[in-house]
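# Structure at a glance
Each chain, letter by letter, is given below.
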Amino acid sequence: MALSLAIEGLDAGYGAVKALRGVTLHVEAGETVALLGTNGNGKSTLMKCVMGLVRPDRGRLSLTIDDRSHDLTRLSPEAIVDLGVALVPEGRRLFPKLTVTENLMLGAFRKLARSAIQQNLALAFETFPALKERRNQLAGTMSGGQQQMLAIARALMSSPRLLLIDEPSVGLSPLLVSQTIAKIGELKQRVGLTVLMAEQNFNQAIRIADRGYIIVHGEIAVAAQSVDELKANNIVKRLYLGGVV
Amino acid sequence: MKRRTFLGGAMAVAVLGQGSSASAQQPPIKIGMSMPQTGGLAGGGKASLLGIEIWRDDINAKGGLLGRKVELVVYDDKSSASETPAIYAKLVDVDKVDLLFAPYATVPTAPIMPFVKQRGLLLMGNFSFQVNSKVGHDMWFNNAPWGPADSWAASFLDLAQKAGGKNMALLTADQEFAQNLALTARDVAKKRNLPVVFDQVYPPNTVEFSSIIRALKAAKPDIVYVASYPPDSAGILRAVNEIGIGDDVKIFGGGMVGLQFAAVMSNLGSLLNGVVNYNTWLPEKSMYFDGTKEFFDKYTKRAVEAKVDPLGYYLAPFGYAMGQMIEAAVNSTKSLDQKGIAKYLRENEHKTIVGPIAFSADGERKETATLQAQFRGVKDKDIEQFRSSGKQVILFPEKLKTGDLISPFEAARK
Amino acid sequence: MDLLLGAVVLGVLLGCFYAAVSVGLSVSFGLLDVPHVAHPAFLVLASYGVYQLNESYDIDPLLAGLAITPLFFLFGLLAYRVYYETFERRGSDAAVRGIAFFFGIAFIIEVLIILQFGVDQRSVSATYIGKSWRFGEFRIPIRQLVAFAVALALTLLLAVYLSKTFMGRAIRAVAQDEEALRLMGANPVRIKQFAFGIATAVLGIAGALLIIVAPVEPTLDRAYIGRTFCVVVMAGLGSISGTLIAAIILGVAESIVLTLFGASWAPAISFAMLLGVLAVRPQGLLGR
Amino acid sequence: MMKHRNSIVFWAGAAVFLIAVLSMTQIVRNEYPFFAGYVILQFIALAVAWSILGGYAGYVNFGTNAFFGVGVYTAVALFKATGAPLVVQIAAAAVVGMTLGFGVGLLTLRMRGIFFSIATIALAIIIETFVMNWRFVGGAAGIQIQRPPVMAPFDSYVKMLFFVQALLVVIAVSIARYIQNSRIGRGLQALRDDELAAECTGVPTLKLKLVACMISGALISAAGAPAAMYLQYADPSSAFNLSYSVSALAMALIGGTAHWIGPVLGAILLGSTQQLLAVTISSEVNVLVLGIMLVLFVVGAPKGIIGLLRPRYRLRAGGKP
Amino acid sequence: MTPAAAPDAPLLQVGAITKTFGGFTALDNISVDIRKGERFGLIGPNGSGKTTLINCISGALRPQVGSVVFCGEDITQLPPHLRARRGIARSFQIPRPFKSMTVLENLMVGLDFAKVDSSQPEEDVAMSILTRMGLASKASASTDTLSQVELRKMELARAMAVRPKLLISDEAMAGLSSSEVDEVLDLLISLGEEDITIIMIEHIMQAVMRFSERVMCLDAGKIIALGAPAEVMGNKRVQEAYLGT
């Protein structure tokens, strides 16, 4: 099954704020692509553009599935979810007063997703056993790591083929960050997902990424073809650590 | 939308009447009033107004007053005291009406009493209660049959004591009229050494009376005097029926507003049986006077169209009577001089469709003609049954009496 | 003691009835943040609808209530759409102007009722109205038992709906995080519109209970603005179980004060309770 | 300079208005305009007073009827107990209203948005219940009041009340205008826009809200006080009528709340429409008109009449352009 | 009692602050002294507690444990406006202008309430601040017509209107282009030269490096490094926090 995401010359923002300037980027089927950069550089906006939550001012955003191309700039988020795209948002955005199970069930809100609900639930609980133990707990009362697991599991409930993950490491301890990233890698192998992951944690992200982009001030500063190329690039350190080291 | 055409129609009739009249050169005699047409008092206000309008049409058919057509100028006071001062100022100073009628009920009337007194204007009262007691206006005449302030409670307690009542429970609404009744009831009870074993005031908008009735029942009274407003009257009777009131109770009722209105009566149906309550007019033999039957023939026809109370016993004939008294006074004094009219009204007894009316110095009836009647043999869901006699047997006053009290209350309910 | 027990029992019955008339508001105001001061006006309108069906076709009031729910559902969809397009979407001041808007709607409904039905109070007839159940000396009105049972069923049904169905969960979720819900492929506006429809549809039954418990008149809604908002706020916004608990507390408190201390203080007591809750625990008893 | 000139224009206008009102009471013999005018002036005072808290600070007070009723009953109680003259009644009502505003503010101003509104509804009902149970002022049965003789230069009490209410309007408007042009107004506007940002910019938000609540309450109670003498009758359900709350809110919103002239225009428009309807259509359509006007204005003119007149009305009329 | 006027006493002393939300510890025993006139950089990954810390300093939040001492006075229990009057001003991560006012009026709020005695008319003072900030031409513009960078500057200008001793800038450069970042940075540096102490929260490391005399790095509510910029950036734990392990 061929699926690819192509973004070309994307400009987007909120009113007076320009968050993305001429972003060009592509993700091929089965790849894990990292979108690197510190906070406030436009990573989240790009994710929201793909989901249809933010309408770009200019540029192309197309998803090709089995040779059929879909112009995402014209589709509603509902339709985009139906195409098999899911986003794990920054800050997890769980429904804190709903239980774990209820959060998961909401992940399968679309009619198309409901048929596979039992399988997906089983998959989620198998991948994240902690969630199964806590299935009747309110999401808001869980620890950060568990919440991040739940956010990923919830996104899986819609049977996505392209999974967008926005900053999975936020607010987690290094150990948990490492575990979360590993889980994403594991899932990808297991379900055959295509993954676009925005992350500021460089070293963790490149553990599972095939290749990556670095975004600075809303522009793609580096488009690296491999992880090694990323590691070698000086801009990373300049960007992250202000040029020291 | 019907309602609007009715009101528009009422004004149009007034204008047309003027134009087609033979005495077109003579300006009409204008009678001004406010009437509650929205808000809590609107039901009564509309029925009362229809009675007055029937009188207007009758008098105009007879050629008017002093050869001039009669025209009504009516404004809506929204059942509120704060609206009437401006309305009556407009009626007097702008519309230059010749005569004033008061709006239905006490609250909208109270604020205009000082105004008419100060201006020296005649005001025909319309079912308000003791509004003149503090003002002392000598050109005020209330059409209601209340009579002296304490006669109301006195007549009920007379009946109760005759039936063997030894102590009293009072249940009253926290609103102006009911509180005035409660006040006199407490006084009368004190004078007669009747202990008051239960005395509760409930707030407007009380939804559920079961709790209150349970508490009342627990006090084991044998006279239950209730002064309530329409929405509550129904609630109280329902609760009494459901919770029960105990076999001790000799007599129940007295001052329940609402049990005079067709909608409430037909809805409560058999729940009404046994209740002794005040009333003003009833289709009993003793209540028919000259013109009474003709009035109700006309009223019944027009009430449907006007969406007002289909029976109209409570207020409408007194609205008509108010007109009749004015008619008599103007025709005898041959003028619109208000002092003259007032003098005539004070000094004479007036024949009306609700019987002879004579006033005492305070402008209230010399003698009370407030009926105390007991509901008997009422069936459910039937408005028409109330048109026949015997459903509400008049126990008081003596002159109009058509039967005797059945006591105790539980026995009368069967 | 007997008297107190009776007051508590009747208070619980009354409380469940309060829950039924408030539970729709608990969704529309509690979950959706719509300052729906016209809620009681819709309630009274429903009562008149029930009255009309009962009067003309002799349909049982509860069935009549059920019969008008689809109509009220559509009515709710429409009302929310108008509110959304004119206020929520434009953002600023939505709450203040929304209140004024709904007051306007309430007045319009009042007048339409007066034009159609007149100002007299109306009530319905049914076999269970006017009878009572006896336990020795103790008697409970059957209409109250009916209202109690239906109110309880209605509230529980709504609670189950909100926790066990896709739509219900989405309705609770939309109150917590609209954008996250979009990510699930749900359109929050449509969810909210649907929820408002449900909240209004529930009024069909609640309106039937209102007119079963006591007669209605066109301006009765004003008496219920305070009561319903009191229950919903005390409950904690949007909590259905909280609504039931708060309504029962209100009912019992009113009933006890009515029985033991004198009725004229009852309204002050219930609103003092509301103020107390607002001052001490602004998020209500259970909170969303 | 601008500010200074504006002030001169304003005070000149106020003086002309009061002189016009006074000469009207001396010249016009027909009393009706004074009755109707009194009611309209009362609504102007209420709407302006309401908007000090509801408009400038954005805290929607539903308890206008509570403050109004408290004004009425302060006057009634004082008059019954001591026969105090009108001026004393009004001053006392203002003091009681201010005290109530302080209490209400302390209790409720920490609540946000609609919770504040609901709390004020609750307070109104509680206070009304107290008055209903207060036998000294007649309780639920209401009380009739005998006016004292009228004072020169007036020949009728209603004319005097009309002038007094006009004076109250001038006082309310000048206070509203002063607040609007002072740093208090700027602070209120800032906290309406963003309470935290205002706090961090040095605005003592709670104190300002309290001040606004007290001034608003004092003015509403003062505007209500003469109603006792106007009606010569008081009963709780009329004095605490919810329609005062709805009208004050509706008039302010219809006029626009960004500038003191808004509530004035709204009250004149709605108040005179109501007076006109009361003596023309005179039926339930009356209520319908209020409903429809409310709906039309909040939907069609979000910034009220002044928003229609000047698309971007600025609060600081005196500020540099 | 420490004399407030001691010349080398720190301007701000944060003493062992702990702030928790529910079960989540946002700040864990944070202590730091900031010298008068210092340019202080505050960094850390997303969710590390930076904004919570400055909320505790500016008064928007109160810590459960610990104290905040400003100019020798314990201000831990003071509401924000009293802290503003004592000379603590801030900007917000997401700009919070007073929307119904013009730019000039926004500044007047600060001037009105900050209790600074000045012989000059307020409007002139406000205009001079705007001129400094390069916003003079926008004085009578409504805030919703401002561009992102103008909004950021307006927030700083409004903070300046309080005549602060301590200015806290919360990500004033997020979402700006490179040239705009430089513009704002120059502004902040020039303000620092006027004896105003500045705490700057920033993700853009070059900016932090250029600006700061000292840098503090937070991670998961704890201080992981504090010192000269180069030193902090070279710290292994900081690098791990940013780049991952």
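Predicted, not measured: the structure shown is a model, and the values here were computed from it.

What follows concerns the overall build of chain E. The number of helices and strands found in chain E is nine helices and 10 strands. Relative to a compact globule of 245 residues, whose C-alpha radius of gyration would be 18 Å, chain E shows 18 Å and is just as compact. Over its C-alpha atoms, taken along the principal directions, chain E stretches across nearly 50 × 45 × 35 Å. Out of the 245 residues in chain E, the part that is buried amounts to 60%. Long-range pairs, those at least 24 residues apart, make up 64% of the contacts in chain E with a sequence separation of at least 6. Positive and negative side-chain charges in chain E, numbering 25 and 29 respectively, have mean positions lying 5 Å apart.

Moving on, we come to the overall build of chain D. For chain D, the helix and strand inventory stands at 15 helices and two strands. Taken over the C-alpha trace, chain D has a radius of gyration of 19 Å; the compact-globule value for 321 residues is 20 Å, and the two agree within 12%. For chain D, the proportion of contacts with a sequence separation of at least 24, taken over those separated by at least 6, is 80%. Accessible surface for chain D amounts to roughly 10700 Å². Of this, 73% is attributable to carbon and sulfur atoms.

This brings us to the confidence of the model for chain E. Residue and element names in this part refer to chain E. For chain E, per-residue confidence averages 87 on the pLDDT scale, and residues scoring 70 or more make up 94% of the total. Contacts for the low-pLDDT stretch residues 1-5, under 50 throughout, to residues beyond four places or in other chains number one contact. Reported confidence for the predicted complex is 0.85 by ipTM and 0.88 by pTM.

Our next topic: the interface of chain B and chain C. If you look at the interface, chain B gives 36 residues, while chain C gives 43 residues. Both faces combined, the contact of chain B with chain C buries some 3400 Å², and carbon together with sulfur accounts for 53% of it. Among the residues chain B hides against chain C, the three largest losses belong to B:Arg214, B:Arg238 and B:Glu242. Together they make up 21% of the total. Where chain B meets chain C, there are one salt bridge. A salt bridge links B:Glu242 to C:Arg143; the shortest N-O distance between them is 2.6 Å. Summed over the shared surface of chain B and chain C, the number is seven residue pairs in polar contact (both at pLDDT 80 or more). Mapped by element, the contributors of at least two residues to the side of chain B that touches chain C are helix H2 (42-61), strand S7 (196-202), helix H8 (210-218), helix H9 (230-243) and helix H10 (262-268) of chain B. With eight residues, H9(B) is the single largest residue contributor to the side of chain B that touches chain C. Looking at the side of chain B that touches chain C residue by residue, the classes come out as 17 nonpolar, nine polar and 10 charged.

This part takes up the packing of helix H9 (residues 221-235) of chain C against helix H10 (residues 240-261) of chain C. All names here are of chain C. The N-to-C vectors of H9 and H10 enclose an angle of 125°; their axes lie 8 Å apart at closest approach. With respect to each other, H9 and H10 are oriented oblique. Classified by chirality, the crossing of H10 by H9 is right-handed. Between H9 and H10, the contacting residues are Arg227, Cys230, Val231, Met234 and Ala235 on the first element and Gly242, Thr243, Ala246, Ala247, Ile249, Leu250 and Glu254 on the second. Considering only residue class, the contact of H9 with H10 consists of eight nonpolar, two polar and two charged.

Before going further, it helps to spend a moment on helix H6 (residues 178-192) of chain E. Residue pairs spaced three or four apart in an α-helix point in one direction, given the helix's 3.6 residues per turn. Residue and element names in this part refer to chain E. Between the first and last C-alpha of H6 there are 21 Å, a value that for 15 residues agrees with the 21 Å anticipated at 1.5 Å per step. Those residues of H6 lying buried are Val181, Val184, Leu185, Leu187, Leu188, Ile189, Leu191 and Gly192. Structurally, H6 contributes buried residues whose contacts are with strand S3 (39-43), helix H4 (122-133), helix H5 (148-161), strand S7 (166-170), strand S8 (197-201) and helix H7 (205-211).

Here the focus is the arrangement of the chains. Counting contacts across all six pairs of chains found in contact, the highest total belongs to chains B and C. Regarding chain A and chain B, the two do not touch, and the least distance separating their C-alpha atoms is 35 Å.

Adjacent strands of a sheet pair through backbone hydrogen bonds, lying either parallel or antiparallel. All names here are of chain B. Taken together, seven strands build an open sheet; the order of strands is S7-S6-S8-S9-S10-S11-S12 and the sheet is mixed. Strands at the two margins of the open sheet, each flanked by one partner only, are S7 and strand S12 (392-396). When the angles between neighbouring strand axes are averaged without regard to direction, this sheet yields 25°. Sheet topology places strand S8 (residues 223-228) next to strand S9 (residues 251-256); six bridges connect them, and they run parallel. Counterpart to Ala227 in the pairing with S9 is Gly255. In the packing of H8 onto the sheet, contacts are made with strand S6 (168-173), S7 and S8, and the angle to S7 comes to roughly 170°.

Attention shifts here to the pattern of salt bridges. Taken as a whole, this structure holds 56 salt bridges over all chains when the rule is applied. Notably, a salt bridge pairs A:Glu102 with C:Arg172, separated by 2.3 Å at the nearest N-O pair. Linking A:Glu102 in helix H3 (residues 100-107) with C:Arg172 in helix H6 (residues 166-176), this pair reaches from one chain into another. Using a relative accessible area of 12% as the deciding quantity, one classes A:Glu102 as buried. With a shortest N-O distance of 2.1 Å, B:Arg119 and D:Glu31 are connected by a salt bridge. Remark: D:Glu31 occurs in the loop between helix H1 (2-27) and helix H2 (32-56) and B:Arg119 occurs in helix H5 (residues 113-119); the pair is interchain, linking two chains. A relative accessible area of 28% means that B:Arg119 is categorised as partly exposed. Here the salt bridges do not stand alone but share partners, grouping A:Lys48, A:Arg93, C:Asp177 and C:Glu179 into one network.

Moving on: the packing of helix H4 (residues 94-117) of chain C against helix H12 (residues 242-255) of chain D. Any two packed helices are characterised by the angle at which their axes cross and by the distance between the axes. At a minimum axis distance of 11 Å, the contact between H4(C) and H12(D) shows a crossing angle of 125°. For the element pair H4(C) / H12(D), the angle class is oblique. Considering the relative orientation of H4(C) and H12(D), their crossing is left-handed. On the side of H4(C), the interface is formed by C:Val96, C:Arg97, C:Ala100, C:Phe103 and C:Phe107, while H12(D) contributes D:Leu242, D:Val246, D:Leu249 and D:Leu253. Residues belonging to the contact of H4(C) with H12(D) are distributed by class as follows: eight nonpolar, no polar and one charged.

Quick look at unusual backbone geometry now. Residue B:Pro397 is reached from B:Phe396 by a cis peptide bond, and omega for that bond is -5°. Here B:Pro397 lies in the loop between S12 and helix H14 (409-412). One non-glycine residue, E:Asp195, adopts positive backbone phi at about 75°. Topologically, E:Asp195 is positioned in the loop between H6 and S8.

Our focus in this paragraph is the sheet that holds strand S10 (residues 219-224) of chain A. All names here are of chain A. As summarised here, the arrangement of the six strands in space is S6-S7-S8-S3-S9-S10, forming an open sheet in which the pairing is mixed. The sheet terminates laterally at strand S6 (85-88) and S10, the two strands that pair on one side only. Shown here is a sheet whose adjacent strand axes are inclined to one another by a mean of 15°, direction ignored. Relative to S10, strand S9 (residues 211-216) runs antiparallel, the two sharing five bridges. Looking at S10, one finds that Ile214 is bridged to Val222.

This part covers the packing of aromatic side chains. Here the structure, examined in full by the defined rule, presents 52 aromatic pairs over all chains. Their ring planes at 90° and their centres at 5.0 Å tell us that B:Tyr202 and B:Phe209 sit as a pair that is edge-to-face. Across this residue pair, the class does not change: B:Tyr202 and B:Phe209 are buried. When the ring of D:Phe35 is compared with that of D:Tyr230, the centres are 5.9 Å apart and the planes differ by 55°; the resulting orientation is tilted.

Assignment of secondary structure puts D:Leu107 in helix H4 (residues 86-108). The spacing of D:Leu107 and D:Ile143 is 36 residues in sequence and 31 Å in space, taken between C-alpha atoms.

As a further point, take the interface of chain A and chain E. Much of the literature gives interface size as the accessible area that the parts lose upon coming together. The interface is formed by 24 residues belonging to chain A together with 26 residues belonging to chain E. Interface of chain A and chain E: buried area, both sides summed, is about 2300 Å²; carbon and sulfur atoms make up 56% of it. Where chain A touches chain E, the interface holds zero salt bridges. Our count for the chain A to chain E interface comes out at zero residue pairs in polar contact (both at pLDDT 80 or more).

Residue and element names in this part refer to chain E. Helix length check: H5 (14 residues) gives 20 Å between terminal C-alpha atoms against 20 Å at 1.5 Å per residue, within 8%. The buried count for H5 comes to 14 of 14 residues, which makes it a mostly enclosed element. Just downstream of H5 lies Arg163, where phi reads positive at about 55°.

All names here are of chain E. Within the secondary structure, Lys153 sits in helix H5. By relative accessible area, which is 8% here, Lys153 ends up buried. Non-local contacts of Lys153, meaning those with residues more than four positions away in its chain, are made with Met133, Leu135, Glu183 and Leu187.

Rules used in this analysis
- Position numbers for residues start from 1 in each chain and track the written sequence from start to end.
- A letter from A marks each chain and a number from 1 marks each ligand, given out in the order of writing.
- Per-residue local features are limited, in this predicted model, to residues with pLDDT of at least 70; the limit for side-chain atom pairs, both in listing and counting, is 80 or more; totals at the level of whole chains, interfaces and linings are taken over all residues.
- Only heavy atoms go into the side-chain values, all of them from the structure, while hydrogens and water stay out.
- Helix and strand labels come from DSSP, where a helix needs a run of H or I of at least four residues and a strand needs a run of E of at least two; each type is numbered from the N terminus.
- Atoms counted for the radius of gyration: C-alpha only. Globule rule: 2.2 Å times residue count to the power 0.38.
- Note on exposure labels: buried denotes an accessible area under 20% of the residue type's maximum, exposed denotes more than 50%, and partly exposed covers the range between, all computed with a 1.4 Å probe on protein chains only.
- By the convention used here, residues are in contact when the closest approach between their heavy atoms is within 4.5 Å.
- Neither His nor the chain termini are counted; the positive set is Lys and Arg, and the negative set is Asp and Glu.
- A single reference atom marks each charge: NZ on Lys, CZ on Arg, CG on Asp, CD on Glu.
- Here the Shrake-Rupley method, with its probe set to 1.4 Å, supplies the accessible areas, and only the displayed protein chains count as covering residues.
- Across the chain, each position has a pLDDT score giving the predictor's confidence in that residue, from 0 to 100.
- By buried area we mean the combined loss of accessible area, with a 1.4 Å probe, across both parts when two parts are placed together.
- A side-chain nitrogen of Lys or Arg and a carboxyl oxygen of Asp or Glu constitute a salt bridge if their distance falls within 4 Å.
- What qualifies as a polar contact is a pair of N or O atoms within 3.5 Å, subject to a donor-acceptor requirement within protein and to the restriction that residues adjacent in sequence count only when both atoms come from side chains.
- Each residue is assigned to one class: nonpolar for Ala, Val, Leu, Ile, Met, Phe, Trp, Tyr, Cys and Pro, charged for Asp, Glu, Lys and Arg, and polar for all the others, Gly among them.
- Only the stretch in contact is used when a helix axis is fitted, and all axes are lines through C-alpha atoms; the angle between N-to-C directions ranges over 0 to 180 degrees.
- An angle counts as roughly parallel when it lies under 35 degrees, as roughly antiparallel when it exceeds 145, as roughly perpendicular when it falls between 65 and 115, and as oblique in every other case.
- Crossings are assigned a handedness: left-handed for a near helix turned anticlockwise from the far helix by less than a right angle, right-handed for a clockwise turn.
- Helix span is expected to be 1.5 Å times the residue number reduced by one.
- Two strands are said to pair when DSSP picks up at least two bridges between them.
- For this analysis, a ring pair means two rings from Phe, Tyr or Trp (six-membered ring only for Trp) whose centres lie within 6.5 Å, classed as stacked if their planes differ by under 30 degrees, edge-to-face if by over 60, and tilted for the remaining angles.

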